[in-house]
Amino acid sequence: MKNIKSKQILKFCLLGIIALMLLSINVKSMDWGNVLNQVSKAVKTGTKIKKAMDVANLTPLQEHYIGRAVAANILAKYKPYYNQKADRYLNILGQTLAQASDRPNTYMGYRFLILDSDEINSFATPGGFIFITKGMIRCCNSEDSLAAVLAHEIAHVQWKHGLRSIRTKRLVSVGAVLLGEVAVKSGSGDFKNVLKAFNGSVNDISNKLINSKYSRATEVVADQTAVTILTRVGYNPQGFIDLLKTMQEKFRHDRHGFYKTHPAPKSRIRVVKQCLRGYTIKEINNNNARNQRFKANLAGI
Amino acid sequence: MHLNKSLKILIVFVFTMGIVYAGSKFLSVQVQSARVRSAPNFFMSKVVDKLKFGEKVTVLRSKDGWYKVKLPNNKTGWMSTSALTAKTFKLKAGGRDAQVQAGNEELALAGRGFSGDVEKSFRQNNQLNYKWVDWMQANPDYKISIEEMKKFLIDGEVIVPFEKGDK
Ligand SMILES: [Zn+2]
């Protein structure tokens, strides 16, 4: 008897949830894929869905403070290369691409800066501070290739890959504070715990970006999203393939940066080509208007 | 055992209902500044207004990552879902749900997690280069308008080089 009753309650609740899901699609269509993803992930790993603190719940302003700290960390290790003309060009290109992504709005918007390093590398912090080395720029033979580098980094910001590399245990104990349910006084014991969680989070992300690497699956997603952004704006994805071929060539002698942190260019080329099946791709025109400005703005790098 | 499970599901059910209800009416701007456009498309639209952190809008409908919204001044337009949240920002812990004055994000976050206070303490204990981070954020050269972006794409002849199914 008791059993039947509870089964009925269960059925009713499930129906209700499904009905609400259908209703909510109208309003929350964007978040839905993410929710389904999390549910399927939870099912796969056998964990419960109730997860108290998901990094994705951090507000853009909190993400911004983490991003600033990670950026400050990167800039303590890599010297910026400041060149007004090149910088402005990079920011117009990068911010335009970001506007066409599925996450055009971070707290303060996207910012791009060149690093004075021969290493082939680029980084994206949470919130949208994006860095690209001179070495990486030298792998680009066209604006289309440079757009591919930036689109890949924007994709990491869009999917919050940096935030997702924070060890969950760091945030659990201060979850209620991070979710804004309770507030702490500056200098109190709870405040120290929040500071500790912040410190740990910044370290986790910085380590991931500089010394270790994201999973292969994460990089595949970033490359696929990059192709989406590029084709949405109208850049030629052949520039992406050209870039990866150049990187592959250079990695024969240079085994720093992306050589260590990213999948081999060969396998990334496969991912890009897979995304472009059914499309006819034209060769890059090295003398069109955008490649003339590409050369003019980045001369000397 | 079973009843316990049902109870849990009931809680999830009520919780979901709460989220959906809250999400279907008002949303708040969760970024520093957000553009409102005439159409749900970056390339084929004009900026009709700009909103600040904490300002509220009413959702009319949604489409592929965009919300059609009504602004406090009764104008309507489209905003990226990434600019908005169902969260409301409270002034004080345990206090009334007073809405934060638009643009007053530091107050909204005070004491609630990773904020300016936390960064201040963090900076005292670490060797970091915040100088350039501040510079990246404040540099007027980095503030690019939508008009400049469009001109950039047109000048660069950034056109779709292929059509889907064009074999
Ligand atoms: Zn990557």
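In case you missed it, the structure is sitting above this.
Summarised in this report is the structure supplied together with it. (Residues numbered from 1 in each chain as written. Chains lettered and ligands numbered in written order. Predicted model: local features only at pLDDT ≥ 70, side-chain atom pairs only at ≥ 80, totals over all residues. Heavy atoms only, no water.)

1. Details of unusual backbone geometry
Residue and element names in this part refer to chain A. The backbone phi angle of Lys 160 is positive, close to 55°, even though this residue is not glycine. In this fold, Lys 160 is placed in the loop between helix H5 (143-158) and helix H6 (161-164). Judged by relative accessible area, which is 19%, Lys 160 ranks as buried. (Helix = DSSP H or I, 4+ residues; strand = E, 2+ residues; numbered from the N terminus. Buried < 20%, exposed > 50% of the residue type's maximum accessible area, 1.4 Å probe, protein only.)

2. Digging into the packing of helix H2 (residues 60-77) of chain A against helix H3 (residues 116-124) of chain B
Contact pair H2(A) / H3(B): the axes reach a minimum separation of 10 Å and the direction vectors enclose 20°. On the basis of their axis angle, the class for H2(A) and H3(B) is roughly parallel. As for how H2(A) packs across H3(B), the hand of that crossing is right-handed. Here H2(A) contributes Tyr65(A), Arg68(A) and Ala69(A) to the contact with H3(B), which in turn contributes Gly116(B), Glu119(B), Phe122(B) and Arg123(B). Within the contact of H2(A) with H3(B), the residues separate by chemical class into 3 nonpolar, 1 polar and 3 charged. (Axes fitted to C-alpha atoms, helices over the stretch in contact; angles between N-to-C directions. Parallel < 35°, antiparallel > 145°, perpendicular 65-115°, else oblique. Left-handed = near helix turned anticlockwise from the far one by under 90°. Contact = heavy atoms within 4.5 Å. Nonpolar A, V, L, I, M, F, W, Y, C, P; charged D, E, K, R; others polar.)

3. With respect to the environment of Arg268(A)
Residues and elements named next belong to chain A. Looking at the element boundaries, Arg 268 is found in helix H13 (residues 265-275). The exposure class assigned to Arg 268 is buried, which follows from its relative accessible area of 3%. Discounting chain neighbours no more than four positions away, the residues touching Arg 268 are His 152, Asp 223, Phe 240, Leu 244, Met 247, Phe 258, His 262 and Pro 263.

4. Description of the environment of Tyr82(A)
With respect to the helices, strands and loops of the structure, Tyr82(A) is situated in the loop between H2 and helix H3 (84-99). Separated by 32 residues in sequence, Tyr82(A) and Ile114(A) have C-alpha atoms that sit 7.0 Å apart. Discounting chain neighbours no more than four positions away, the residues touching Tyr82(A) are Asp87(A), Trp132(B), Trp135(B) and Asp141(B).

5. Focus: the sheet that holds strand E1 (residues 111-115) of chain A
Residue and element names in this part refer to chain A. Across the sheet, 3 strands lie side by side as E1-E3-E2; this open sheet has mixed pairing. If you trace the sheet from one side to the other, it starts and ends with E1 and strand E2 (122-124), each paired once. Pairwise comparison of adjacent strand axes, ignoring direction, gives a mean angle of 15° for this sheet. (Pairing = 2+ DSSP bridges.)

6. Comments concerning the side chain of His262(A)
All names here are of chain A. Following the sequence through the fold, His 262 ends up in the loop between helix H12 (258-261) and H13. Residue His 262 is classed as buried on the basis of its relative accessible area of 10%. Engagement of the side chain of His 262 in a polar contact is seen with the side chain of Thr 261, the distance being 2.9 Å. Setting aside its immediate chain neighbours within four residues, His 262 contacts His 152, His 156, Glu 219 and Arg 268. (Polar contact = N/O pair within 3.5 Å; in protein donor to acceptor, adjacent residues only side chain to side chain.)

7. What to know about the side chain of Asn121(A)
Residues and elements named next belong to chain A. Inspection of the secondary structure puts Asn 121 in the loop between E1 and E2. Accessibility expressed as a relative area gives 2% for Asn 121, which makes it buried. Within the structure, the side chain of Asn 121 is placed 2.7 Å from the side chain of Glu 119, a separation counted as a polar contact. The contact partners of Asn 121, leaving out residues within four places of it in the chain, are Tyr 78, Ile 132, Thr 133, Met 136, Gly 257 and Phe 258.

8. A word on the pairing of strand E5 (residues 66-70) of chain B
All names here are of chain B. Bridging between strand E4 (residues 56-63) and E5 involves 5 bridges; their strand directions are antiparallel. Along E5, the bridge assignment pairs Lys 63 with Trp 66. Here E4 folds back onto E5, and the loop between the two strands holds 2 residues, one of which, Asp 64, carries a positive phi near 40°. Two strands pair when backbone bridges link them, and E5 and strand E6 (residues 76-80) are joined in this way by 5 bridges, in the antiparallel orientation. Bridging from a neighbouring strand, Lys 68 pairs with Trp 78 of E6. As consecutive antiparallel partners, E5 and E6 are separated by 5 residues, and within that stretch Asn 74 has a phi angle of approximately 70°, a positive value.

9. Comments concerning the nonpolar core
All names here are of chain A. Of all hydrophobic cores here, the largest spans 54 residues; its most connected members are Leu 97, Ile 132, Leu 146, Tyr 235, Phe 240, Leu 243 and Met 247. Not counting residues up to four positions away in its chain, the partners in contact with Leu 243 are Met 136, Cys 139, Cys 140, Ser 145, Ala 148 and Val 149. Counting residues in each nonpolar core, the second largest holds 48 residues, with Val 55, Leu 61, Tyr 78 and Val 202 among its members. (Core = buried A, V, L, I, M, F, W, Y, C linked by side-chain atoms within 4.5 Å.)

10. With respect to the packing of aromatic side chains
Applying the stated criterion to the full structure yields 10 aromatic pairs over all chains. Relative to Trp135(B), the ring of Tyr82(A) lies with its centre 4.8 Å away and its plane at 80°, an arrangement referred to as edge-to-face. In this pair, Tyr82(A) sits in the loop between H2 and H3 while Trp135(B) sits in helix H4 (residues 130-138), so the two residues belong to two different chains. Residue Tyr82(A) is classed as partly exposed on the basis of its relative accessible area of 37%. For Trp135(B), a relative accessible area of 26% corresponds to the partly exposed category. With a centroid separation of 5.1 Å and 65° between ring planes, the pair formed by Phe198(A) and Phe114(B) is classed as edge-to-face. Taken together, the positions of Phe198(A) in helix H9 (residues 189-210) and Phe114(B) in the loop between helix H2 (105-109) and H3 put the pair across two chains. Taken individually, Phe198(A) and Phe114(B) each receive the classification buried, so the pair is uniform in this respect. Put simply, the rings of Tyr82(A), Trp132(B), Trp135(B) and Tyr142(B) pair up and form one aromatic cluster. (Phe/Tyr/Trp six-rings, centres within 6.5 Å; stacked < 30°, edge-to-face > 60°.)

It is worth stressing that arrangement in space is one thing and function is another; only the former is reported here.
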